[in-house]
2 protein chains.
Amino acid sequence: MFHGRFLEKRREVKAVVRKENRIVRHEMRGGKGDVYMYHILPQEEMMGHGRLFARIVLPAGSSIGRHTHEGDTEPYYILRGNGIFTDADGSRVPVGPGDICTIACGESHAIENTGEEDLEMIALVLFEA
Amino acid sequence: MFHGRFLEKRREVKAVVRKENRIVRHEMRGGKGDVYMYHILPQEEMMGHGRLFARIVLPAGSSIGRHTHEGDTEPYYILRGNGIFTDADGSRVPVGPGDICTIACGESHAIENTGEEDLEMIALVLFEA
């Protein structure tokens, strides 16, 4: 019985603390190289507010191609590394740790790693109000 | 005129790429020491979906005390360091990089840095559906 209670406890703990889920994307949105997506919440846990909450790692030389956010927006928050953010009007802006790259709903963006190290960021897709 | 257009461009770029906004909280939610909040989105940019999206840094020995999320939830995603996450039923779970600590809406949680380095995480508060 003591053993049974221990197992029950372990299952419970597993449900509230879990590991990120890694997926590799190749030439994402028409970009270059591989991009690693570490999913924090699956869409079903976002309760209808959005569809992506992830840490994204772009190795040196890789990029996410320009794409449009119809009906949602996606701020990027740079954790580490250096890159170029392309905003809705095509401006190319150098970005690094602590930068927040925003677009309005319906606009497009792209990002590329122009440094020697990994470019690491958090991305959050929220639906238009 | 050329100068004027340049200034206009700079203002536009500033609007889409900006720096995180740092705030220091002392004994947050009844916890210990100082906690550094680097706000990624202010609530008004979350379009009614939530009220906080931030990187949070807990120096060694600091903590965020136990608090309840009435009407919302707040996953913590650990980027760096080691700590103890206290979940809704009081279980104390060791956590480190790549761990996602979830609670259901209406439940409580706490977190403390039990390591020698900073404990760094992303927090996202989403409203109940």
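(A) Layout of the environment of P42(B). Residue and element names in this part refer to chain B. Inspection of the secondary structure assignment puts P42 in the loop between β3 (34-41) and β4 (50-58). What makes P42 partly exposed here is its relative accessible area of 28%. Along the sequence, P42 and R18 sit 24 residues apart, while their C-alpha atoms lie 12 Å from each other.

(B) Structural detail: the relation of the copies chain A and chain B. After a rotation of 180 degrees and a shift along the axis of 0.0 Å, chain A superposes on chain B with an RMSD of 0.0 Å. Considering both components of the superposition, the chain copies are consistent with a two-fold axis. Considering only C-alpha atoms, the part of chain A nearest the rotation axis is H49(A), at 2.8 Å. Taken as a fraction of all interface residues of chain A, those also at the interface in chain B reach 100%, which identifies the copy contact as same-surface.

(C) Just the interface of chain A and chain B, in detail. In this assembly, 42 residues from chain A lie in contact with 42 residues from chain B. For the pair chain A and chain B, the summed buried area comes to about 3,500 Å², and 65% of that belongs to carbon and sulfur atoms. There are two salt bridges connecting chain A and chain B. Two residues, D99(B) and K19(A), come together in a salt bridge whose shortest N-O distance is 3.1 Å. Here chain A and chain B share 17 residue pairs in polar contact (both at pLDDT 80 or more) between them. Top element by residues in the side of chain A that touches chain B is helix α1 (residues 2-16) of chain A. It accounts for five residues. Its residues assigned to classes, the side of chain A that touches chain B comprises 25 nonpolar, six polar and eleven charged. Here three bridges tie strand β10 (residues 99-101) of chain A to strand β1 (residues 17-19) of chain B, and the two strands are oriented antiparallel to one another. From the neighbouring strand, I100(A) faces β1(B), where its bridge partner is R18(B).

(D) Structural view of the sheet that holds strand β9 (residues 92-95) of chain A. Residues and elements named next belong to chain A. Spatially, the four strands line up as an open sheet ordered β5-β11-β8-β9, and their pairing is antiparallel. Of all strands in the sheet, those bounded by a partner on one side alone are β5 (63-68) and β9. Averaged over all adjacent pairs, the angle separating strand axes in this sheet is 15 degrees, with direction ignored.

(E) A look at the pairing of strand β4 (residues 50-58) of chain A. Residues and elements named next belong to chain A. In terms of burial, β4 is a largely internal element, eight of the nine residues being buried. Taken together, the eight bridges between β4 and strand β12 (residues 119-127) define a ladder with antiparallel strand orientation. Directly across from L52, in β12, lies its bridge partner V125.

(F) Spatial organisation of the sheet that holds strand β11 (residues 108-113) of chain B. Residues and elements named next belong to chain B. With respect to topology, four strands assemble into an open sheet ordered β5-β11-β8-β9, the strand pairing being antiparallel. Across the chains shown, the open sheet's two edge strands, defined by having one partner strand only, are β5 (63-68) and β9 (92-95). Strand-to-strand, the axes of this sheet are offset by a mean angle of 15 degrees, without reference to chain direction. Two strands pair when backbone bridges link them, and strand β8 (residues 83-86) and β11 are joined in this way by four bridges, in the antiparallel orientation. Pairing of F85 across the sheet is with I111, part of β11.

(G) Representation of the pattern of salt bridges within the structure. Tallying each qualifying case throughout the model produces 14 salt bridges over all chains. Ionic pairing is found between R51(B) and D72(B), a salt bridge with its closest N-O pair at 3.1 Å. Taken together, the positions of R51(B) in strand β4 and D72(B) in strand β6 (residues 72-73) put the pair 21 residues apart, joining distant regions of the chain. D72(B) gets classed as buried once you look at its relative accessible area, which sits at 4%. When salt bridges with common partners are traced through the structure, they connect E20(A), R55(A), R80(A) and E120(A) into a single cluster.

(H) Inspection of the environment of H67(B) at higher detail. All names here are of chain B. With respect to the element layout, H67 can be found in strand β5. Using a relative accessible area of 9% as the deciding quantity, one classes H67 as buried. Put simply, H67 and A110 are 43 residues apart on the chain and 6.7 Å apart in space, counted from C-alpha to C-alpha. Contacts of H67, omitting those with residues within four sequence positions, involve R29, E74, Y76, E107, S108 and H109. Within polar-contact distance, the side chain of H67 engages the backbone oxygen of G65 at 2.9 Å.

The rules behind these values
Residues numbered from 1 in each chain as written. Chains lettered and ligands numbered in written order. Predicted model: local features only at pLDDT ≥ 70, side-chain atom pairs only at ≥ 80, totals over all residues. Heavy atoms only, no water. Helix = DSSP H or I, 4+ residues; strand = E, 2+ residues; numbered from the N terminus. Buried < 20%, exposed > 50% of the residue type's maximum accessible area, 1.4 Å probe, protein only. Least-squares fit on C-alpha atoms with pLDDT ≥ 70 in both. Contact = heavy atoms within 4.5 Å. Buried area = accessible area lost by both parts, 1.4 Å probe. Salt bridge = Lys/Arg side-chain N within 4 Å of Asp/Glu carboxyl O. Polar contact = N/O pair within 3.5 Å; in protein donor to acceptor, adjacent residues only side chain to side chain. Nonpolar A, V, L, I, M, F, W, Y, C, P; charged D, E, K, R; others polar. Pairing = 2+ DSSP bridges. Axes fitted to C-alpha atoms, helices over the stretch in contact; angles between N-to-C directions.

It is worth stressing that arrangement in space is one thing and function is another; only the former is reported here.
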